[in-house]
Amino acid sequence: MGSGPRVVTERLILRPPRLSDWEAWVKLRADSRDFLVPWEPVWTKDSLSKANFRARLRRYARDVKDDMGQAFFVFGRENNDLIGGITLGNIRRGVAQTGTLGYWTGQRHARQGYMYEALCGLMPVLFSEFGLRRVEAACLPSNIPSSRLLEKVGFIKEGLAREYLCINGVWHDHSLYAILNTDPISSR
């Protein structure tokens, strides 16, 4: 747990989550619950428990060990406040060299350019250190801020996947985006 690359940008530090992050994580997620619920899988009764967080860290560690993914928490450089998280998952090697991104931002940090800066800083690392050739992301078509974020970073909308993910207990269509290692990243 807590192993993996560290990415530093002008305002942010991205690093793998640690057990010591639980209190900041639970506070930010609890404070942002109403903001996040429409875009995420169902929150269980124990979603914010320390046991659930430990299980999440074990899953992240297993994904790293199996070369299936890597999680990052996003912190402010100036004050070390937790801002959100980014998860690279579903890494497919061989002929694909592809992974899928998910991300979230705490409500009080939303619309301040943090996730844009974090993704722009992370993409070169995913292409160089992780050896990916393609990174995919998906969002609900109604999530205009997320669509705009992906496009601003340099992702290209490739289509619509019907009933792609179960969000808040309901299967939803998703807009599919991807960026290639040869595509320009906004801040490159």
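Right above here is the structure, for reference.
Residues numbered from 1 in each chain as written. Predicted model: local features only at pLDDT ≥ 70, side-chain atom pairs only at ≥ 80, totals over all residues. Heavy atoms only, no water.

Visitor: What exactly am I supposed to notice about the sheet that holds strand β8 (residues 170-180) here?
Guide: Two pairing modes exist for strands in a sheet, parallel and antiparallel, and in both the strands are linked by backbone hydrogen bonds. Within the open sheet, the eight strands sit side by side as β1-β2-β3-β4-β5-β6-β8-β7. Their pairing is mixed. Of all strands in the sheet, those with a lone pairing partner are β1 (7-8) and β7 (156-167), marking the two edges. Examined bridge by bridge, strand β3 (residues 70-76) and strand β4 (residues 82-92) share six bridges and lie antiparallel to one another. Opposite Phe 75, over in β4, you have Leu 82 as the bridge partner. Its contacts with the sheet put helix α1 (residues 22-31) on β3, β4 and β5 (98-105), and the angle it makes with β4 is roughly 100°. (Pairing = 2+ DSSP bridges. Helix = DSSP H or I, 4+ residues; strand = E, 2+ residues; numbered from the N terminus. Contact = heavy atoms within 4.5 Å. Axes fitted to C-alpha atoms, helices over the stretch in contact; angles between N-to-C directions.)

Visitor: Explanation requested: helix α3 (residues 50-65) in the structure shown.
Guide: Quick reminder: α-helices carry 3.6 residues per turn. Residues three or four places apart thus point the same way. Relative to the 22 Å expected for 16 residues at 1.5 Å per residue, α3 spans 22 Å between its end C-alpha atoms, a close match to the ideal helical length. Those residues of α3 that are buried lie in contact with α1, β3 and β4. Once α3 ends, the next one or two residues include Asp 67, with phi positive near 55°. (Expected span 1.5 Å × (residues − 1).)

Visitor: Mind showing me how you'd approach the environment of Tyr 177 here?
Guide: Mapped onto the elements, Tyr 177 comes out in strand β8. For Tyr 177, a relative accessible area of 2% translates into the label buried. Measuring from C-alpha to C-alpha, the distance between Tyr 177 and Val 26 comes to 29 Å, with 151 residues separating the pair along the chain. Residue contacts for Tyr 177: discarding those within four places in its chain leaves Val 135, Glu 136, Ala 137, Cys 139, Ser 147, Leu 150, Glu 151, Phe 155, Ile 156, Lys 157 and Glu 158. Within the local environment of Tyr 177, its side chain forms a polar contact with the side chain of Ser 147, the two groups lying 3.4 Å apart. (Buried < 20%, exposed > 50% of the residue type's maximum accessible area, 1.4 Å probe, protein only. Polar contact = N/O pair within 3.5 Å; in protein donor to acceptor, adjacent residues only side chain to side chain.)

Visitor: Explanation requested: the side chain of Glu 117 in the structure shown.
Guide: Of note, Glu 117 is situated in helix α4 (residues 114-128). The buried category is assigned to Glu 117, whose relative accessible area is 14%. With residues up to four places along the chain from it excluded, the contact list for Glu 117 reads Thr 9, Glu 10, Arg 11 and Leu 12.

Visitor: When you look at the pairing of β7 in this model, what are you seeing that I'm missing?
Guide: As a general feature of sheets, a regular strand has side chains that alternate between the two faces. Here β7 runs beside β8; their pairing, made up of eight bridges, is antiparallel. From the neighbouring strand, Leu 160 faces β8, where its bridge partner is Ser 175. Hairpin connection, β7 to β8: the antiparallel pair is bridged by two residues, and Asn 168 has positive phi, about 50°.

Visitor: For this particular structure, what's the right way to read a positive patch on the surface?
Guide: Taken together, the side chains of Lys 50, Arg 54, Arg 58, Arg 59 and Arg 62 make up a positively charged region of the molecular surface. Inspection of the secondary structure assignment puts Arg 59 in helix α3. (Patch = residues over 30% accessible without salt bridge, like charges linked within 9 Å, V, L, I, M, F, W, Y side chains within 5 Å. Areas by Shrake-Rupley, 256 points an atom, 1.4 Å probe, with all protein chains shown as cover. Salt bridge = Lys/Arg side-chain N within 4 Å of Asp/Glu carboxyl O. Lys, Arg positive; Asp, Glu negative; His and termini not counted. Charge placed at Lys NZ, Arg CZ, Asp CG, Glu CD.)

Visitor: I would appreciate a short explanation of unusual backbone geometry in the present structure.
Guide: The bulk of non-glycine residues show a negative phi, and the bulk of peptide bonds are trans. A positive phi angle, near 55°, is found at Asp 67, a position not held by glycine. One can find Asp 67 in the loop between α3 and β3. Despite not being glycine, Asn 80 shows a phi value in the positive range, around 60°. Looking at where Asn 80 falls in the secondary structure, it is placed in the loop between β3 and β4. Look at Asn 80 and you get partly exposed, because its relative accessible area is 49%.

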